[in-house]
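# Fold and geometry: a report
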Amino acid sequence: MKLALVAVGQRLPVWAESACTDYLKRFPPDWRIELKAVKAEPRTLGKPVEALKAAEAERLDAACAKGSRRVVLDEHGARLSTHALAERLIAWRHDGRDVALLMGGPDGLDAGLKSSADESLRLSDLTLPHALARVVLLEALYRAWSLNAGHPYHRE
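Residues numbered from 1 in each chain as written. Predicted model: local features only at pLDDT ≥ 70, side-chain atom pairs only at ≥ 80, totals over all residues. Heavy atoms only, no water.

Quick look at the overall build of the chain now. Across its full length, the chain holds 5 helices and 5 strands. When the helices and strands of the chain are read in sequence order from the N terminus, they spell out β-α-β-α-β-α-β-α-β-α. A compact globule built from 156 residues would reach a C-alpha radius of gyration of about 15 Å, and the chain, at 15 Å, matches this within 12%. For the chain, the proportion of its 156 residues judged to be buried stands at 41%. Contacts in the chain between residues at least 24 apart in sequence constitute 82% of all its contacts with a sequence separation of at least 6. Here the chain displays about 8,400 Å² of accessible surface, and carbon together with sulfur accounts for 53% of that area. Across the chain, 23 positive and 21 negative side-chain charges occur, with their mean positions spaced 3 Å apart. (Helix = DSSP H or I, 4+ residues; strand = E, 2+ residues; numbered from the N terminus. Rg over C-alpha atoms; globule rule 2.2 N^0.38 Å. Buried < 20%, exposed > 50% of the residue type's maximum accessible area, 1.4 Å probe, protein only. Contact = heavy atoms within 4.5 Å. Areas by Shrake-Rupley, 256 points an atom, 1.4 Å probe, with all protein chains shown as cover. Lys, Arg positive; Asp, Glu negative; His and termini not counted. Charge placed at Lys NZ, Arg CZ, Asp CG, Glu CD.)

What follows is the structure, given as structure tokens:
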């Protein structure tokens, strides 16, 4: 199984880029996560928000491997504990498909993309800046992986 974080927005602040790089290096070779950043639709052209999200959805969809399980990150998605996310990782691995975790732009994800996804997850009840959300997601994935691997990183 290949795991990809496909996110709208190509520029991250230095601190977030550094944190993402650090977490990506922590995973073992058989659990490499690929970060794919797609261009955000310019907000200066006066397009309606739905048109902006639709354009970004096309880019997100194009960046996903064919046949992959698409998991959207959405404020209305399922709440998971670390243990539940660890169980999801096991289930995804047994499913055999690649997994694409989709993170929208400043206005969120297109409704059609959300409704066509295999799953919807939420990171927090709080509103997070996108750069921080990427870091939080990678940390959560690393913690869930470490729990499954019996690594001492996760403590109760």
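Here Asp110 is to be found in the loop between strand S4 (99-103) and helix H4 (111-116). Among the polar contacts made by the side chain of Asp110, one reaches the main-chain amide nitrogen of Gly112 at a distance of 3.1 Å. Excluding its chain neighbours within four sequence positions, the residues that come into contact with Asp110 are Glu50, Lys53, Ala54 and Ala57. (Polar contact = N/O pair within 3.5 Å; in protein donor to acceptor, adjacent residues only side chain to side chain.)

Moving on, we get to the pattern of salt bridges. Using the criterion set out here, one finds 17 salt bridges in the structure. In this structure, the salt-bridge partner of Arg59 is Glu41, at a minimum N-O distance of 2.6 Å. Separated by 18 residues along the polypeptide, Arg59 in helix H2 (residues 49-63) and Glu41 in the loop between strand S2 (33-38) and H2 bring together distant segments of the chain. Residue classification places Arg59 among the partly exposed residues on the basis of a relative accessible area of 27%. Take Glu41: its relative accessible area is 8%, and that puts it in the buried class. The partner of Arg143 in a salt bridge is Glu139, and the shortest N-O contact between them spans 3.1 Å. Of the two residues, Arg143 and Glu139 both sit in helix H5 (residues 130-149), 4 residues apart, roughly one turn of that helix. Within the structure, one salt-bridge network assembled from shared partners comprises Arg69, Arg88, Asp95, Arg97, Asp118 and Glu119. (Salt bridge = Lys/Arg side-chain N within 4 Å of Asp/Glu carboxyl O.)

Before going further, it helps to examine the sheet that holds strand S1 (residues 3-8). Hydrogen bonding along the main chain pairs the strands of a sheet, whether they run parallel or antiparallel. Strand order in the open sheet made by the 5 strands is S2-S1-S4-S3-S5, with parallel pairing throughout. Two strands close off the open sheet at either side, each with one partner strand: S2 and strand S5 (119-121). Strand-to-strand twist across the sheet, computed as the mean angle between neighbouring axes with direction ignored, equals 30°. One ladder, built from 5 bridges, connects S1 with S4; its direction is parallel. Looking at the pairing, Leu3 lines up with Val99 of S4. Packing of helix H3 (residues 82-95) onto the sheet brings it into contact with S1, strand S3 (69-78), S4 and S5, and relative to S3 it is tilted by some 155°. (Pairing = 2+ DSSP bridges. Axes fitted to C-alpha atoms, helices over the stretch in contact; angles between N-to-C directions.)

Counted under the stated rule, the structure contains 4 aromatic pairs. Here the aromatic rings of Tyr23 and Tyr142 are separated by 6.3 Å at their centres, their planes lie at 55°, and the arrangement is tilted. Here the residue Tyr23 occupies a position in helix H1 (residues 14-26), and Tyr142 occupies one in helix H5, the gap between them amounting to 119 residues. Just as Tyr23 is buried, Tyr142 falls in that class too. (Phe/Tyr/Trp six-rings, centres within 6.5 Å; stacked < 30°, edge-to-face > 60°.)

Function cannot be read off these values alone, since they describe shape.
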